[in-house]
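Descriptive analysis of the structure
Spelled out from the first residue to the last, the chains are:
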Amino acid sequence: MTCRDLVVGYGGKPLLPPINFTIFHHQLCAVVGRNGAGKTTWFRTLLGLLPSVGGQLSTCRPDLPMAYIPQRSQLDPIVPLRARDLVAQGLERGRHYLRPLLSRDEQQRVSWALQEMGAADLGRMQFAQLSEGQKQRVLMARLLCSQPELAVLDEPTAAMDAVAERETLQLIDNLRRDYGLAILIVSHHLPVVSLFADQVIFFDRASQNVVAGQPETVFDDPVFRAHYGDEATQALRASREREKTQRVEVHEQDHDHAS
Amino acid sequence: MPPEAAPTWAEFVTGLDLFLDPMLCGAVAGLVLGFLGVYVVLRRMVFVSAAITHSAGLGVALTFYAQIHLSWLGSLANPFVGAFLLGIGSTLLLVANPARLGLTRESLIGLVFIFASGTALLVADRISQESHDIHSIIFGTAVLVSKGDLYTTLGTGSLTMLLHLWLRRALIFTSFDADGARVQGLPTRALDGLLLASIGLMVSVTTRALGAMPVFAFSVLPAMTALSLGRRLSAVFTLAAMLGLLSAVLGYLAAFFLRFPVGACQTVVAALFAALAMALRALRR
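None of these values were measured; they are calculated from a predicted model.

**Considering the interface of chain B and chain A**
On the side of chain A, 31 residues touch chain B, which itself brings 25 residues to the contact. Here chain B meets chain A over a buried area of about 2500 Å², counting both sides, of which 53% is carbon and sulfur. Joining chain B to chain A, the criterion identifies four salt bridges. Measuring nitrogen to oxygen at the nearest pair gives 2.7 Å for the salt bridge that ties Asp177(B) to Arg142(A). Sorting the residues of the side of chain B that touches chain A by element identifies helix 8 (168-176), helix 9 (178-183) and helix 13 (233-258) of chain B as the ones contributing at least two each. The leading source of residues in the side of chain B that touches chain A is helix 8 of chain B, at six residues. Considered class by class, the residues forming the side of chain B that touches chain A number 14 nonpolar, three polar and eight charged.

Structural data, given as structure tokens:
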């Protein structure tokens, strides 16, 4: 998906300057910025939930299948949906809803998606009663079930402890790698998200700036450094280097074991 | 003067020809409204239902007024048409964006509810020969329903249930995660419109037959009861429909044997089920 001078806003009034950005399959992009910076407006425009004010939005093919995972807090806890029912919502794409019953293959796809996300034993449980980490697994099973090529995840690690956050982001990274998804993650937890991101897009409405690119490029940007501070930016860069080194070491160990 | 003897089952069975139509009408209304009530309660539209039922009641009242004072309208002044037009009209008004009027949704619902209730009573004051019917329209004291009302309720109820059972997955997805559904290509505005129109239509039709109070009760209380007890959404829908049906039938029987107004009895039976469910739930904890 490519944004060419894309202008987002409401009622014909721009919120931010024109945005130029491209995301490809197998890429994970962290969408960061403070509250009210315009992140939500931008991704809602990408998903077709809001009309753009100007510019162009294009995809590699028409009707690119997309999926959106909202913040868990937006899903009403009094609705007695089982985890399995929620995952089955991923099957509803286009005119599929006109079929009155789900086929056996479709039921099996739901089971498969739950299993892939390590949530097979959660299927019969009430979604509202699951832990935050379990809920996120179920939501990602729904995403997998819907077979999108572009997915937007809104604050997938909100209200999670550090271990659960890391596990969730690893799961998301696996989706990107194993299924070729292009994934946009909206998050306030930049230090952890940036470890997995191929791109970062940073929004700052106050200074009317949008900075997009590889994480190191964005970290070097003066607007980004002014926002987060030099010390925090250095820490981000250092942790990315450590992460890269660890991944190389793990990859070499796996290679040695295989040979 | 000796007190009147209580009615007996033998008397009920003897008069079954008279009682069957209103019981059947109530049962269908209770079943369908109970089912739809799950959406009403979960989407926090409880007083939307109240506003629509009273608007439908006003529609019927205005139709009676037209029949008496505007006879040139002739057969156009049909109570069902009046209930339908004002019921659907209020549904459309209540789903519009209230911010454009500088109001919150709750205050808009309150405005429609109060306006419809008050105006219906004003109209009733001008139709003294029909005031008993106006009262029964609002509070449901009618014991008998016409064949026309029965067939309209049966037909509308059947069509509504067929549509809802066919499109249930899409309606549930749209109701509880509209953005997710829209991104996956579902026509969420059309589905939302269908849901609200079906509630508005069913409320309008059954208000004419049963009265506003029992209709409001059926569209809220069975769903509340089912949500207290059910752990799966599909079970909640089924339970709410059954409870609506039971409330209508048992309420009718209670009205016959205890000599109380029908609509009030049906409402109280539905409320008793809700109270019992909440007590059971509290005991479970």
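**Notes on the pattern of salt bridges**
Enumeration according to the criterion identifies 16 salt bridges over all chains in this entry. Salt-bridge contacts for Arg44(A) lead to Asp179(B); the nearest nitrogen and oxygen are separated by 2.7 Å. Linking Arg44(A) in helix 1 (residues 39-46) with Asp179(B) in helix 9, this pair reaches from one chain into another. A residue is classified by how much of its surface remains accessible, and Asp179(B), at 22% relative accessible area, is partly exposed. For Glu106(A), the salt bridge goes to Arg99(A), with nearest N and O atoms at 3.2 Å. Of the residues examined, Arg99(A) reaches a relative accessible area of 47% and is grouped as partly exposed. One network of salt bridges, in which partners are shared, links Arg72(A), Glu132(A) and Lys135(A).

**Some thoughts on helix 7 (residues 147-166) of chain B**
In this model helix 7 of chain B runs 28 Å from its N-terminal to its C-terminal C-alpha over 20 residues, within 8% of the 28 Å that 1.5 Å per residue would give. Taken together, the buried residues of helix 7 of chain B touch helix 2 (16-42), helix 8 and helix 10 (188-210) of chain B.

**Examining the environment of Arg109(A)**
Residue and element names in this part refer to chain A. For Arg109, the location among the structural elements is in helix 3 (residues 104-116). On a C-alpha basis, the gap between Arg109 and Gly55 in space is 39 Å, while along the polypeptide they are 54 residues apart. If we ignore the near neighbours within four places in the chain, the residues touching Arg109 are Leu91, Cys145, Ser146 and Gln147.

**Considering the packing of aromatic side chains**
Applying the stated rule across the entire model yields 19 aromatic pairs over all chains. Note on Phe35(B) and Phe237(B): the rings are 4.7 Å apart at their centroids and 35 degrees apart in plane angle, and the pair reads as tilted. Of this pair, Phe35(B) sits in helix 2 while Phe237(B) sits in helix 13; the two residues are 202 residues apart in sequence, bridging distant segments of the chain. Note on accessibility: Phe35(B) and Phe237(B) belong to one class, buried. Connected via pairs of aromatic rings, a cluster forms that spans Trp9(B), Phe12(B), Phe19(B), Tyr252(B), Phe256(B) and Phe257(B). In this structure, Lys135(A) packs its charged tip against the face of Phe127(A), placed 5.9 Å from the ring centre.

**Some details on helix 4 (residues 132-145) of chain A**
Residue and element names in this part refer to chain A. In a regular helix each residue adds 1.5 Å, so 14 residues correspond to 20 Å; helix 4 covers 20 Å between its end C-alpha atoms and thus fits that length. For helix 4, a buried count of eleven out of 14 residues is recorded, marking the element as mostly surrounded by other parts of the structure. Those residues of helix 4 that sit buried are Gly133, Lys135, Gln136, Val138, Leu139, Met140, Ala141, Arg142, Leu143, Leu144 and Cys145. Positive phi shows up at Gln147, right after helix 4, with a value of about 50 degrees.

**Examining the nonpolar core**
Val138(A) and Leu233(B) are the most contacted members of the largest nonpolar core, which totals 101 residues. The greatest single-element share of this core, amounting to twelve residues, is contributed by helix 2 of chain B. Formed by 28 residues, the second largest nonpolar core is a distinct cluster that contains Phe21(A), Phe43(A), Leu47(A) and Phe203(A).

**Some thoughts on a nonpolar patch on the surface**
Side chains of Leu101(B), Leu103(B) and Leu111(B) sit close together on the surface and give an oily, nonpolar patch of about 270 Å² of accessible area. For Leu101(B), the position within the fold is in the loop between helix 4 (79-95) and helix 5 (105-125).

**Section: the sheet that holds strand 7 (residues 66-69) of chain A**
All names here are of chain A. Pairing within the open sheet is mixed, and its six strands lie in the order 7-8-9-5-10-11. Edge positions in the sheet fall to strand 7 and strand 11 (209-213), since each has one partner strand and no second. When the angles between neighbouring strand axes are averaged without regard to direction, this sheet yields 15 degrees. Sheet topology places strand 7 next to strand 8 (residues 150-154); four bridges connect them, and they run parallel. By the bridge assignment, Ile69 is partnered in strand 8 with Leu153. Packing against the sheet, helix 1 makes contact with strand 5 (28-32), strand 7, strand 8, strand 9 (182-186) and strand 10 (199-204), and its axis sits at approximately 155 degrees to strand 9. In the packing of helix 4 onto the sheet, contacts are made with strand 7 and strand 8, and the angle to strand 7 comes to roughly 165 degrees.

Rules and cut-offs
- Residues numbered from 1 in each chain as written.
- Chains lettered and ligands numbered in written order.
- Predicted model: local features only at pLDDT ≥ 70, side-chain atom pairs only at ≥ 80, totals over all residues.
- Heavy atoms only, no water.
- Contact = heavy atoms within 4.5 Å.
- Buried area = accessible area lost by both parts, 1.4 Å probe.
- Salt bridge = Lys/Arg side-chain N within 4 Å of Asp/Glu carboxyl O.
- Helix = DSSP H or I, 4+ residues; strand = E, 2+ residues; numbered from the N terminus.
- Nonpolar A, V, L, I, M, F, W, Y, C, P; charged D, E, K, R; others polar.
- Buried < 20%, exposed > 50% of the residue type's maximum accessible area, 1.4 Å probe, protein only.
- Expected span 1.5 Å × (residues − 1).
- Phe/Tyr/Trp six-rings, centres within 6.5 Å; stacked < 30°, edge-to-face > 60°.
- Lys NZ or Arg CZ within 6 Å of the ring centre and 35° of its normal.
- Core = buried A, V, L, I, M, F, W, Y, C linked by side-chain atoms within 4.5 Å.
- Patch = residues over 30% accessible without salt bridge, like charges linked within 9 Å, V, L, I, M, F, W, Y side chains within 5 Å.
- Areas by Shrake-Rupley, 256 points an atom, 1.4 Å probe, with all protein chains shown as cover.
- Pairing = 2+ DSSP bridges.
- Axes fitted to C-alpha atoms, helices over the stretch in contact; angles between N-to-C directions.

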